[in-house]
2 protein chains.
Amino acid sequence: MNRLEIDGMNAVKIFAERASVEQVEEGSELAPKFDENGLIPVVTTDAETGELLMHAYMNAEALAKTIELGEAVYWSRSRQVLWHKGATSGLVQKVREMKIDDDQDTIWIRVEVSGGASCHVGYRSCFYRSVPCGNDAKERGFETPMTLTFTETEKVFDPKKVYGDAPNPTKL
Amino acid sequence: MNRLEIDGMNAVKIFAERASVEQVEEGSELAPKFDENGLIPVVTTDAETGELLMHAYMNAEALAKTIELGEAVYWSRSRQVLWHKGATSGLVQKVREMKIDDDQDTIWIRVEVSGGASCHVGYRSCFYRSVPCGNDAKERGFETPMTLTFTETEKVFDPKKVYGDAPNPTKL
């Protein structure tokens, strides 16, 4: 026993119905809100460094599977499939802590990543470029367009070797 | 000079047009992707502790204003207005660093918060409850529904005193 039957009704039963603002904000029932596409945004940070690794989405099944496995399972919007992170690249994300926000419409997972990379472009984090802000932006005279600064200079892996000819998920 | 005319065309001009995957992923032009509602998700972490404070959205104007002011300006989906965070509560978020992800459809800001609270419920972070995951979830036998654990036990401020009778942004 003690196994979540994801394909049956149990995946749904681990989520409570959203009955009141007080229940959602101040209560201790897991009552996630999925948007009009059935998705909830997920913020994934490195459990060690606190660095933001990626921002993705889960549907109800992906969230249930993540809870069951203790490994991140997302919903790929570009490929429209369940996406057990690391299945292709080997860079599995072990969930050390999962949190949910006040109105229960966002998930935060703190993960350990074997191999140390989470970005399909090959960088450690998906967030490898910074945007000048405030005084930095003023000093540059609000360039048109603004120039990004690379904060990671070397890739952790070569995406061509890892993903081969798989289609790039980035959409214009 | 040296001021961004947000209401004019300059707010748009600081963003490049998205011409190719290579430009977006490997280039140094700021070319953000706004979704079908004109919004980009924003992950906000505490610049000191790395803690996730909130997850929100910006439209083009909010992003331009954040870049200009160096303070977080969001788009409130519940109230449908530009939302200069802290205008009501005084808890302004000073942006110490802004980053954008590989396909430029998510913003990450690392902020300093005067007063130390970012959540309208009164907690330091919006993420004040954890969800059991993996072995922890198994040990509990996958409760229906799952039980959350409070990781913050005391509120930093009393929302009634700060917001008065303003409508609660949480939607069921």
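All values derive from a computational prediction rather than experimental measurement.

One widely used convention gives an interface's size as the accessible area the parts lose upon coming together. Taken together, the contact between chain B and chain A spans 76 residues of the former and 76 residues of the latter. The contact between chain B and chain A buries some 6400 Å² in all, and 60% of this surface belongs to carbon and sulfur atoms. For the pair chain B and chain A, the number of links is four salt bridges. Remark: the boundary between chain B and chain A carries 43 residue pairs in polar contact (both at pLDDT 80 or more).

Attention now goes to the confidence of the model for chain A. Taken residue by residue, chain A gives an average pLDDT of 86. The fraction at 70 or more is 91%. Two numbers describe this predicted complex: its pTM, 0.83, and its ipTM, 0.80.

With that out of the way, let us pick up the sheet that holds strand β6 (residues 107-113) of chain B. The six strands are arranged β8(A)-β7(A)-β5(B)-β6(B)-β1(B)-β2(B) in an open sheet whose pairing can be described as mixed. One side of each edge strand has no neighbouring strand; the edge strands of this open sheet are β8 (149-150) of chain A together with β2 (52-58) of chain B.

Attention shifts here to the environment of Ser76(B). With respect to the element layout, Ser76(B) can be found in strand β3 (residues 73-76). Setting aside its immediate chain neighbours within four residues, Ser76(B) contacts Val81(B) and Trp83(B).

Judged by nonpolar contacts, the single largest core of 80 residues is most densely connected at Ile67(A), Met98(A), Ile109(A), Ile67(B), Met98(B) and Ile109(B). Contacts of Met98(A), omitting those with residues within four sequence positions, involve Leu63(A), Thr66(A), Ile67(A), Ile107(A), Trp108(A), Ile109(A), Arg129(B), Ser130(B), Val131(B) and Cys133(B).

Right, let's get into the pairing of strand β4 (residues 81-84) of chain B. Residue and element names in this part refer to chain B. Sheet analysis places β3 next to β4, joined by four bridges and oriented antiparallel. Within β4, the position partnered with Ser 76 by the bridge is Val 81. What sits between β3 and β4 in their antiparallel hairpin is a turn of four residues, with Gln 80 showing a positive phi close to 55 degrees.

Before going further, it helps to examine a negative patch on the surface. Taken together, Asp35(A), Glu36(A), Asp35(B) and Glu36(B) make up a surface patch of like negative charges. Among the structural elements, Asp35(A) can be located in the loop between α2 (21-26) and β1 (40-46).

What counts and how
Residues numbered from 1 in each chain as written. Chains lettered and ligands numbered in written order. Predicted model: local features only at pLDDT ≥ 70, side-chain atom pairs only at ≥ 80, totals over all residues. Heavy atoms only, no water. Contact = heavy atoms within 4.5 Å. Buried area = accessible area lost by both parts, 1.4 Å probe. Salt bridge = Lys/Arg side-chain N within 4 Å of Asp/Glu carboxyl O. Polar contact = N/O pair within 3.5 Å; in protein donor to acceptor, adjacent residues only side chain to side chain. pLDDT = per-residue confidence, 0-100. Pairing = 2+ DSSP bridges. Helix = DSSP H or I, 4+ residues; strand = E, 2+ residues; numbered from the N terminus. Core = buried A, V, L, I, M, F, W, Y, C linked by side-chain atoms within 4.5 Å. Buried < 20%, exposed > 50% of the residue type's maximum accessible area, 1.4 Å probe, protein only. Patch = residues over 30% accessible without salt bridge, like charges linked within 9 Å, V, L, I, M, F, W, Y side chains within 5 Å. Areas by Shrake-Rupley, 256 points an atom, 1.4 Å probe, with all protein chains shown as cover. Lys, Arg positive; Asp, Glu negative; His and termini not counted. Charge placed at Lys NZ, Arg CZ, Asp CG, Glu CD.

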